[in-house]
Amino acid sequence: MTRGAAARAVELTKIYGQGEARVTALAGVTVSFHAGELTAIMGPSGSGKSTLMHCVAGLDTASSGKSWIGDTELSALSDDALTILRRDRVGFVFQAFNLLPTLTAIENIVLPLDLAGRKPDPAHADAIIDAIGLRDRLHHRPGQLSGGQQQRVACARALITKPDVIFADEPTGALDSRSSAELLSLLRRSVDELRQTVVMVTHDPAAAAYADRVLFLADGQIVGELLKPDADSILDRMRDLEHRAVTV
Amino acid sequence: MLRAVLRDMRAHPGRMAMTLVAIVLGVGFVVATWVVSDSAAETVSSGSSRSDVAVQVTGEELTPETVSELRALPGVTKAQGVAFGYSALVGKDGKISGYSFPDMGGTAWDSSERFSLVSGRAPATDKEVALEEASASDAGVGVGESARLLNGDGSSRDATVVGIYTYRRLSVDESTPVAAFDPATAKQTLGEKYSWIELTGTDATAIAKAIAGLGLDAKTGVELKADRERAATSEAEFARNFLLAFAGVALLAGMFVIANTFTMLVAQRSRHFALLRAVGARRGQVRRAIIAEAAVLGLIGSTIGAALGVGLGWLAMTLIRTTGETIVFAVSPLAILIGYLVGVVVTVVAAYGSARRGSAIAPVAALRADASLPRRSIVLRTVAGAIFITGGVAAVIATSGTPLSKMERAVGMGGALIAWLGVLFLAPLLASAFLKPLSKVARSATSRLAVRNAIRDPLRTAATASALMIGLALVTSFATVSSSVEEVMTKTVKNDLPAQTLAVQPVQAWFDLPEAVIERVKGMSPKDSVATPVQGGVRVTLPGHELRGQTWTAVEPAAIGTVLTPPIKEGRWDLKGGFAVSTELADEFGLKVGTQLTLHFEEAAPITAPVTGIYPDSYVMRGVVLNKELLPAGLKGYPLGVFVKGGDQSKLTAALADRPDVVVRDRDGLIAAQTEPIRLALGIISALLGAAVVIAVFGVVNTLALSVLERTREIGVFRAVGATRKLVRSSVRWESIVIASYGGVLGIGVGVLLGAVMQHVILTQPIFSLTVPWLLVGGALAGMVVVGVVAALWPARRAARTDVLAAIATA
Ligand SMILES: Nc1ncnc2c1ncn2[C@@H]1O[C@H](COP(=O)(O)OP(=O)(O)OP(=O)(O)O)[C@@H](O)[C@H]1O
Ligand SMILES: [Mg+2]
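Bear in mind that the values here come from a model prediction, so they are computed numbers and not experimental data.

**Digging into the overall build of chain B**
- When its secondary structure is counted, chain B shows 22 helices and 24 strands.
- Overall, the C-alpha framework of chain B stretches about 100 × 70 × 50 Å when taken along its three principal axes.
- Expressed as a percentage of the 811 residues in chain B, the buried residues total 52%.
- Partitioning the intrachain contacts of chain B with sequence separation of at least 6 by distance along the chain shows that 82% fall at a separation of at least 24.
- With an accessible surface of roughly 35,500 Å², chain B has 61% of that area assigned to carbon and sulfur atoms.
- When the 77 positive and 65 negative side-chain charges of chain B are each reduced to one mean point, those points stand 20 Å apart.

This is how it looks when you write it as structure tokens:
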């Protein structure tokens, strides 16, 4: 591996509940997300994709194992330290309800910097605003934007801090195909042009096809990987996985 | 349907808790008011009052001979003369306590039901005395200790306290004696004239009839008891109405809180209601369900509130037990019933609006992800508010001149209240108008977010702030009136007296100023440096006019301009040449300088002289002022005090150290003594209005807690993108401070303006000659910030604990 890891995890395990209700969401996952790459994570519902992402991103703590953002190990950090790490070094795009409804688009975009008491780098901010193509909508409230536009604003917010890694959990899950395509090409361009690292969970093979690499997850374990994938090969692999899940 | 709603209530007890607090406090206040007034009336008319007297005899000359005469009447088994005389208990500070009436302060001990020993025994020698319980505790003396008693002639004597008693009154206007002596001593010190004679016998009516023939007045025990009960009831009624006014204010604040809570609760469950509608619930059913929920809440709140009220009533009765009577604690079913009625009606009325909106939701809303009620329009409110304010202000302006008739006063005050109502209507609009610019100024991300959240739903913020505003506006307006009155009093006293003038006055305004004191002060001071203004009433006429009874003030002419410096408006101070009259008198009867006035003192020749001066507001002068030498011989009048110019306060005080019934005051001391009762009244009123403010504070807590609940997802995002728990807490805290301060600014603003009109109406001063109570205004604003911080404690903690993952999980 020539490039360094923007984020990685070793033997990550996450167990929910106890006794009867015990669920192993992650069963010892070791993975690394290469800097400057768009990685997609796929897998059946309940396979642990979101859990993996949350643990690596510092939103949740693993039951055992370790994870890193850059070279910061997360399990040692306090809640405040994790929060500041998220603010400065991680970007998020969720499936929906990403934005604070009382803040305008631009205020939402610069929120992480605002929280840190920093000013945005004008050239960088300009580049991002150009990239999301919403210059004339910057002073609108989220309620006045379409779902796709809101997701692009969320994307801009994730980009503004030049984070080590951006995590996106089904960012196109609530969008139509056109808005999806717009958002995905935006993520793609942030990797290509802004040298960002993106990790994206998705159910949609067409979305995964934008990635440099696809990881497949099943029952809390990494069960496969595809490099430079296209939609068809992804679909094949998915069918494979589901078939296996049924026979087990 | 109803069951679904009740189950929903049970599932979210926290949401209801704060609403409950508002109902409980309001109902508690009402029930406590009822309990206190009932108990007070019951105490007076109960067994603790006297039943041992068949007939009370009163008359001009009641002597021991009268007593024996009466004892001889058929049917009379016992006759007891009751003597009163001057006696006052000297407290630890060397002065007479404020509760006594010295002229009737001493009496003779007897075995009647007048006295009920709390501890010790009856006095037996001239070295012993029994004291009334409240006065003794006020003076700080107990059984076995020595007490100093002032006699009518100014001398005082020490006696050992052997007993402490509580006193029972027979007639309504009887005052409570502070000291009881053994009969022999009483005969010496109080004399052998009786205030009344108490008879015991079997047939009261027959005895009373027999007495009427003797030229004496008689009242039977039954009649006296009825009198006492009547007086007690009317007193209790008065107290009840007074307290109910404050309870009403508390309930009004409570209504805002309840209405606001229901609005939020209904909004949060709009999808639930839409679902009910979609599966076939009719509008009326949904509406009735919400109202039923309010009624149930009202019932629960009233139950707790009634219990609280009974407890508060008991506490209040115990605390106000100063008269030494045995308290009867009365809880009437009516009190409880009214508590329930008020609690349920107020809650249902407050919830009605949200019930209508909740039932108006379209069934399809259940299918939408963002099911929400249509936004309430504020257009109607704004228009109503504008009309009310315009009308109210117009009424105030129309009556802003002086002097004012009764009608004009009513119109002015009514206008001010209507304008206030207008402000309540406009509160949502004002909230966005005031707070929008603030959100531009706010620098940090958290404070900006907080302000934005506060104006997100102006109606909600306005309702929360309005509850606070009601109590605050009233407190501020009363404080404005009180500080304006104080200012006027201070100014008047300062006008009337030069700074070097001292005043020797009775300890309490209703005490007499003994002649001996006046003479002693005069003897100590150079001639013409002493003024002893005295006052009384007299019939005044001018040609063709009868001025009826008017007050007169008589003063030494030489003292004016030196010892006393009262201002003059027209003419000049020339008491040797004629009378001076007050501006009010001059205005009312069209008196001018030169008008001839005649004073008709009783049993003296009329005095006629021209008006030589017209004076404005004065502390010393009242009515017609005349040269003291013109007073008919033997007419003493009531002295306001002895005023001495250039004396030394500590020397004078030392010289009068043996007089516990008078004090030496300098000008500032005089002003303080004048303004103290006003401050006391303001303190009581503010305390009573405190209940409304407390309810409103719970309203702020409620609004914040429900808002935080509503914004769980937002807070999750906020946390995910890097807001620490501390920042989340501080953003809720800022929001709370913004809401509370908005209520504070609105309340204080309205209060000062309301107070301006009130002082104009009461003092007939121009509206803007008010004195703003800056200390209170500053304190209240600071207090609102504290309220904001305190109200946010719990909601902010809840917000900070929001689980990021649960919040952002797409449900
Ligand atoms: N808070 C929780 N408590 C208990 N179990 C949980 C919790 N969160 C997730 N799980 C369980 O952990 C497993 C992994 O869940 P996760 O959300 O990571 O799946 P996913 O791959 O993201 O699924 P989807 O594609 O549906 O989003 C599932 O079996 C889920 O039921
Ligand atoms: Mg998931």
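Moving on from the coordinates now.
**Focus on the sheet that holds strand E12 (residues 217-220) of chain B**
All names here are of chain B.
- Taken in spatial order, the four strands make up an open sheet running E2-E11-E1-E12, and their pairing is antiparallel. Unpaired on one side and paired on the other, strand E2 (76-82) and E12 mark the two borders of the sheet. Between one strand axis and the next, the sheet turns through 20 degrees on average, direction left out of account.
- In terms of strand pairing, strand E1 (residues 55-58) meets strand E11 (residues 196-201) through three bridges, oriented antiparallel. Note that in E11 the partner of Val55 across the bridge is Leu199.

**Regarding the domain arrangement of chain B**
Residue and element names in this part refer to chain B.
- Here the domain parsing of chain B yields domain 1 (1-56 + 216-370), domain 2 (84-191), domain 3 (375-499 + 666-811) and domain 4 (501-661).
- Its C-alpha centre places domain 2 at a distance of 35 Å from the equivalent point of domain 4.
- Counting from both sides, the interface comprises 14 residues of domain 2 and, opposite them, nine residues of domain 4.
- For the pair domain 2 and domain 4, the two sides together bury roughly 900 Å², of which 57% comes from carbon and sulfur.
- Seen at the junction of domain 2 and domain 4, the total is zero salt bridges.

**Some thoughts on the packing of aromatic side chains**
- A full pass over the atoms with the stated rule returns eleven aromatic pairs over all chains.
- Measuring from ring centre to ring centre gives 4.4 Å for Trp109 of chain B and Phe115 of chain B, while their planes differ by 15 degrees; the resulting arrangement is stacked. One exposure class covers both Trp109 of chain B and Phe115 of chain B, and it is buried.
- Aromatic pair Phe115 of chain B and Tyr167 of chain B: ring centres 5.7 Å apart, planes at 70 degrees, arrangement edge-to-face. With a gap of 52 residues between them, Phe115 of chain B in strand E6 (residues 115-120) and Tyr167 of chain B in strand E9 (residues 156-167) connect regions that are remote in the sequence.
- Judged by relative accessible area, which is 8%, Phe115 of chain B ranks as buried.
- Linked through ring pairs, Trp109, Phe115, Tyr165 and Tyr167 of chain B together constitute an aromatic cluster.
- Sitting over the ring of Trp68 of chain A, Arg8 of chain A keeps its end group 4.1 Å from the ring centre.
- Against the face of Trp34 of chain B rests Arg240 of chain B, its NZ or CZ located 4.6 Å from the ring centre.

**Quick look at the site of ligand 1**
All names here are of chain A.
- Ser45, Gly46, Lys49, Ser50 and Thr51 are the nearest of the 13 residues found near ligand 1.
- Gly46 places a main-chain nitrogen or oxygen 2.9 Å from an oxygen atom of ligand 1.
- Residue Gly48 places a main-chain N or O atom 3.0 Å away from an oxygen atom belonging to ligand 1.
- In isolation ligand 1 offers 630 Å² of accessible surface; the protein chains occlude 59% of this area.
- Of all the secondary structure elements, the ones that give two or more residues to the shell around ligand 1 are strand E2 (23-34) and helix H1 (49-57).
- Counting residues per element, the shell around ligand 1 draws most heavily on H1, at three residues.
- Partitioned by chemical class, the residues of the shell around ligand 1 number four nonpolar, seven polar and two charged.

**Describing a nonpolar patch on the surface**
Residue and element names in this part refer to chain B.
- Taken together, the side chains of Leu308, Leu312, Trp314, Leu315, Leu319, Ile320, Phe329 and Val331 make up a nonpolar region of the molecular surface, amounting to roughly 740 Å² of accessible area.
- On the secondary structure map, Leu312 appears in helix H9 (residues 283-319).
- Judged by its relative accessible area of 37%, Leu312 is partly exposed.

**A word on the interface of chain B and chain A**
- Each partner contributes residues to the interface: chain B has 22 residues there, and chain A has 27 residues.
- Taken together, the two surfaces of chain B and chain A that pack against each other cover about 2,300 Å², and 65% of this comes from carbon and sulfur.
- Ranking the residues of chain B by area buried against chain A places Arg452, Val721 and Leu805 of chain B at the top, with a combined share of 26%.
- Remark: the boundary between chain B and chain A carries five salt bridges.

**Comments concerning the confidence of the model for chain A**
- Across chain A, the average pLDDT comes to 88, with 97% of residues at 70 or higher.
- When mean pLDDT is compared element by element in chain A, strand E8 (residues 198-201) of chain A scores highest at 94, while helix H9 (residues 231-247) of chain A scores lowest at 76.

**A few points about the sheet that holds strand E6 (residues 90-93) of chain A**
Residues and elements named next belong to chain A.
- Within the open sheet, the six strands sit side by side as E6-E7-E8-E3-E9-E10. Their pairing is mixed. Looking at the sheet topology across the chains shown, the edges are occupied by E6 and strand E10 (221-227). Across the sheet, the mean angle from the axis of one strand to that of its neighbour is 20 degrees, orientation sign disregarded.
- As paired elements, strand E7 (residues 165-169) and E8 share four bridges and run parallel to each other. Paired with Phe167 across the strands is Val199, a residue of E8.
- Docked against the sheet, helix H7 (residues 177-192) engages strand E3 (38-42) and E8, running at close to 155 degrees with respect to E8.

**Describing the side chain of Asn627 of chain B**
Residue and element names in this part refer to chain B.
- Position of Asn627 among the secondary structure elements: in strand E21 (residues 624-627).
- At 3.0 Å, the side chain of Asn627 and the backbone nitrogen of Glu629 are in polar contact.
- For Asn627, the residues in contact, after removing those within four places along its chain, are Val555, Pro557, Leu575 and Lys576.

**Some details on the pairing of E3 of chain A**
Residues and elements named next belong to chain A.
- Within E3, five of the five residues are buried, which leaves it mostly tucked inside the rest of the structure.
- In this sheet, E8 lies alongside E3 in parallel orientation, the contact comprising four bridges. Looking at the pairing, Ile41 lines up with Val201 of E8.
- Note that E3 and strand E9 (residues 213-218) share four bridges and pair parallel. If you follow Thr39 over to E9, its bridge partner there is Arg213.

**With respect to the pattern of salt bridges**
- Across all of its chains, the model carries 40 salt bridges over all chains by this definition.
- Its salt-bridge partner being Arg118 of chain A, residue Asp88 of chain A comes within 3.7 Å of it at the nearest N-O pair. Remark: Arg118 of chain A occurs in the loop between helix H4 (111-116) and helix H5 (122-132) and Asp88 of chain A occurs in helix H2 (residues 79-89); sequence separation between them is 30 residues.
- A salt bridge links Glu192 of chain B to Lys187 of chain B, with the shortest nitrogen-to-oxygen separation between them at 3.9 Å.

Thresholds, definitions, all that
Residues numbered from 1 in each chain as written. Chains lettered and ligands numbered in written order. Predicted model: local features only at pLDDT ≥ 70, side-chain atom pairs only at ≥ 80, totals over all residues. Heavy atoms only, no water. Helix = DSSP H or I, 4+ residues; strand = E, 2+ residues; numbered from the N terminus. Buried < 20%, exposed > 50% of the residue type's maximum accessible area, 1.4 Å probe, protein only. Contact = heavy atoms within 4.5 Å. Areas by Shrake-Rupley, 256 points an atom, 1.4 Å probe, with all protein chains shown as cover. Lys, Arg positive; Asp, Glu negative; His and termini not counted. Charge placed at Lys NZ, Arg CZ, Asp CG, Glu CD. Pairing = 2+ DSSP bridges. Axes fitted to C-alpha atoms, helices over the stretch in contact; angles between N-to-C directions. Domains from an automatic or database assignment. Buried area = accessible area lost by both parts, 1.4 Å probe. Salt bridge = Lys/Arg side-chain N within 4 Å of Asp/Glu carboxyl O. Phe/Tyr/Trp six-rings, centres within 6.5 Å; stacked < 30°, edge-to-face > 60°. Lys NZ or Arg CZ within 6 Å of the ring centre and 35° of its normal. Near = heavy atom within 4 Å. Polar contact = N/O pair within 3.5 Å; in protein donor to acceptor, adjacent residues only side chain to side chain. Nonpolar A, V, L, I, M, F, W, Y, C, P; charged D, E, K, R; others polar. Patch = residues over 30% accessible without salt bridge, like charges linked within 9 Å, V, L, I, M, F, W, Y side chains within 5 Å. pLDDT = per-residue confidence, 0-100.

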